[in-house]
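Listed here are the chains, written in short residue letters.
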Amino acid sequence: MKLWGQMLWGHLSGLRGRQGGIWGWACSTWQSHQPQAGPLSASGLVKHWTAVFEKRGIPEARESSEYIVAHVLGAKTFQSLRPVLWTQPLTAQQLQGIQELCNLRLQRMPVQYILGEWDFQGLTLKMAPPVFIPRPETEELIEWILEEVAQRPQAVGAQGSPLILEVGCGSGAIALSLLSQLPESQVIAVDKKEAAISLTRENAQRLRLQGRIQTILLDVTIEDSWTHLLPWGPMDLIVSNPPYVFHKDMEQLAPEIRSYEDSVALDGGEKGMDIISHILTLAPQLLKASGSIFLEVDPRHPELVSSWLQSRPDLCLGLVAVRKDFCGRHVAGPKDHGGGKLLTSWQPGNGESKEGSGDNSYLPEAPSEHITFN
């Protein structure tokens, strides 16, 4: 799964309901990629489709074929199949199902969309295009938030039940992970796209967490949009994996991302700051005095955010800490109205992150950072 963590997270998700031109292409290539005649086993199909994918330049060729074959045979991973199924001849129906899904992969459809579901933080979530696919490094953002909640009891409120706002909920991966691991928490999840709101609601119902989450169709870039959130009271935490790709880097993204995922969930504008700046602007209106903000950002953003905050002293926000994820990206952390920190080695007022901002473009294998504000 480490290999998937660096590349295939940009390539994966849900099949049914997206046919049209892709389906027509799949049918037209049916004959050209059929395996040789004779009894065919799961292992044989994995070998065959790995070779086809490699020839066509499909990333993670073996992993893609293993996930697809396992899915058709009713398992999550090829390794979890009963050994007898590795060599047992497949039925005509199974062969047809594998052929159809592999043809979609040849069209560079992400595996998560092909399978229609993906695991995140131990939760199986439904995936459907074009809703943003959760990446493995975002699981580290969840773990960081949980650490902060455990270490800072004041962050969870008087009743030990934090009220959390997620901006840009997508499939609900962040919100539902926090709900599942903070049993007394409540989440307000907002997104500007109806498809994302619907998918978050469906995943909440599948996980029986619908009673502790409010989903709201909301565009935070619209002036005074934050007033719609006031009835729920001040928040303990604001969390977001916002669109942070620099606009000039969008064309460098993998075909799986460019062709299938919603560009609105990726494109952060000229410097990747469009949505980040709106989140920081609305935060003082919505957070408790002891509240915190956690963001996933580009490695270039800590320095940019620091400069931006210096130009907005009225917000009373400070960068508290920066953490690099397992790919080397940064994540940002806690916020107080009266001061600042950033969850690693950045201190408010010094104007730089000791971790360094780096100059990596946002590519599927490029690092991100997590940052926190107080």
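Residues numbered from 1 in each chain as written. Predicted model: local features only at pLDDT ≥ 70, side-chain atom pairs only at ≥ 80, totals over all residues. Heavy atoms only, no water.

Student: Talk me through the overall build of the chain; I want residue IDs and the actual numbers.
Tutor: Helix and strand content of the chain: 13 helices and 12 strands. With 374 residues in all, the chain has 55% of them scored as buried. Put simply, 75% of the contacts in the chain that link residues at least 6 apart link residues at least 24 apart. Roughly 15,500 Å² of accessible area belongs to the chain as shown, and the carbon and sulfur atoms make up 51% of that amount. (Helix = DSSP H or I, 4+ residues; strand = E, 2+ residues; numbered from the N terminus. Buried < 20%, exposed > 50% of the residue type's maximum accessible area, 1.4 Å probe, protein only. Contact = heavy atoms within 4.5 Å. Areas by Shrake-Rupley, 256 points an atom, 1.4 Å probe, with all protein chains shown as cover.)

Student: Describe the pattern of salt bridges, listing the residues and the values that go with them.
Tutor: Taken as a whole and assessed by the stated rule, the structure comprises 15 salt bridges. With its nearest N and O atoms 3.7 Å apart, the salt bridge here joins lysine 192 to aspartate 219. Linking lysine 192 in the loop between strand 4 (186–191) and helix 10 (194–206) with aspartate 219 in the loop between strand 5 (213–217) and strand 6 (235–240), this pair joins segments that are 27 residues apart in sequence. Judged by its relative accessible area of 19%, aspartate 219 is buried. Connected through shared salt-bridge partners, Lys248, Asp249, Asp298 and Arg300 make up one network. (Salt bridge = Lys/Arg side-chain N within 4 Å of Asp/Glu carboxyl O.)

Student: Give me the lowdown on the environment of serine 292, citing residues and values where you can.
Tutor: Secondary-structure assignment places serine 292 in strand 7 (residues 287–297). Residue class for serine 292 comes out buried when judged on its relative accessible area of 0%. C-alpha separation for the pair serine 292 and valine 149, spaced 143 residues apart in sequence, amounts to 9.9 Å.

Student: Which residues make up the packing of aromatic side chains, and what values do they have?
Tutor: The description of an aromatic ring pair uses the distance of the two centres, along with the angle that the planes make with each other. Applying the stated criterion across every chain, the model contains four aromatic pairs. Here the aromatic rings of tyrosine 67 and tryptophan 118 are separated by 5.1 Å at their centres, their planes lie at 50°, and the arrangement is tilted. Of the two residues, tyrosine 67 is situated in helix 4 (residues 61–72) and tryptophan 118 in strand 1 (residues 117–120); the sequence distance between them amounts to 51 residues. Tryptophan 118 shares its class with tyrosine 67; the two are buried. (Phe/Tyr/Trp six-rings, centres within 6.5 Å; stacked < 30°, edge-to-face > 60°.)

Student: Which residues make up the nonpolar core, and what are the values?
Tutor: In terms of nonpolar packing, the biggest core is built from 62 residues, with Trp49, Val69, Ile145, Leu176, Leu178, Ile213 and Val239 touching the most fellow members. Among residues more than four places away in sequence, those in contact with isoleucine 213 are Ala175, Leu176, Leu179, Val187, Ala189, Thr200 and Ala204. Core analysis: the second largest hydrophobic core is formed by 29 residues, Leu163, Ile188, Leu229 and Met273 among them. (Core = buried A, V, L, I, M, F, W, Y, C linked by side-chain atoms within 4.5 Å.)

Student: Can you explain the packing of helix 3 (residues 42–55) against helix 6 (residues 92–106)? Please cite residues and give values.
Tutor: At a minimum axis separation of 11 Å, helix 3 and helix 6 run at an interaxial angle of 20°. Overall, the two elements helix 3 and helix 6 adopt an arrangement that is roughly parallel. The handedness of the crossing between helix 3 and helix 6 is right-handed. In contact with Leu45, Trp49, Val52 and Phe53 of helix 3, helix 6 contributes Leu95, Ile98, Gln99, Cys102, Asn103, Arg105 and Leu106. Along the lines of polarity and charge, the residues of the contact of helix 3 with helix 6 split into eight nonpolar, two polar and one charged. (Axes fitted to C-alpha atoms, helices over the stretch in contact; angles between N-to-C directions. Parallel < 35°, antiparallel > 145°, perpendicular 65-115°, else oblique. Left-handed = near helix turned anticlockwise from the far one by under 90°. Nonpolar A, V, L, I, M, F, W, Y, C, P; charged D, E, K, R; others polar.)

Student: Just give me the short version of the pairing of strand 6, but keep the residues and values in it.
Tutor: The buried fraction of strand 6 amounts to six of the six residues, a majority that puts the element mostly inside the structure. Pairing analysis gives five bridges linking strand 6 to strand 7, with the strands arranged parallel. Bridged to leucine 237 within strand 7 is serine 292. (Pairing = 2+ DSSP bridges.)

Student: Please set out unusual backbone geometry residue by residue, giving values where relevant.
Tutor: Most peptide bonds take the trans form, and the phi angle of most residues other than glycine is negative. The peptide bond linking proline 129 to proline 130 adopts the cis configuration, its omega dihedral lying at 5°. Not every positive phi belongs to a glycine, and arginine 108 is a case in point at roughly 70°. The backbone of aspartate 224 sits at a positive phi, close to 65°, despite the residue not being glycine. Take aspartate 224: it is sitting in the loop between strand 5 and strand 6.

Student: I'd like a description of the side chain of serine 41, backed by residues and values.
Tutor: By the element assignment, serine 41 lies in the loop between helix 2 (20–28) and helix 3. In this structure the side chain of serine 41 is engaged in a polar contact, spanning 3.1 Å, whose partner is the backbone nitrogen of glycine 44. Once residues within four sequence positions are removed from consideration, serine 41 is found in contact with Trp86, Thr87, Gln88 and Leu90. (Polar contact = N/O pair within 3.5 Å; in protein donor to acceptor, adjacent residues only side chain to side chain.)

In short, geometric facts, not functional conclusions.
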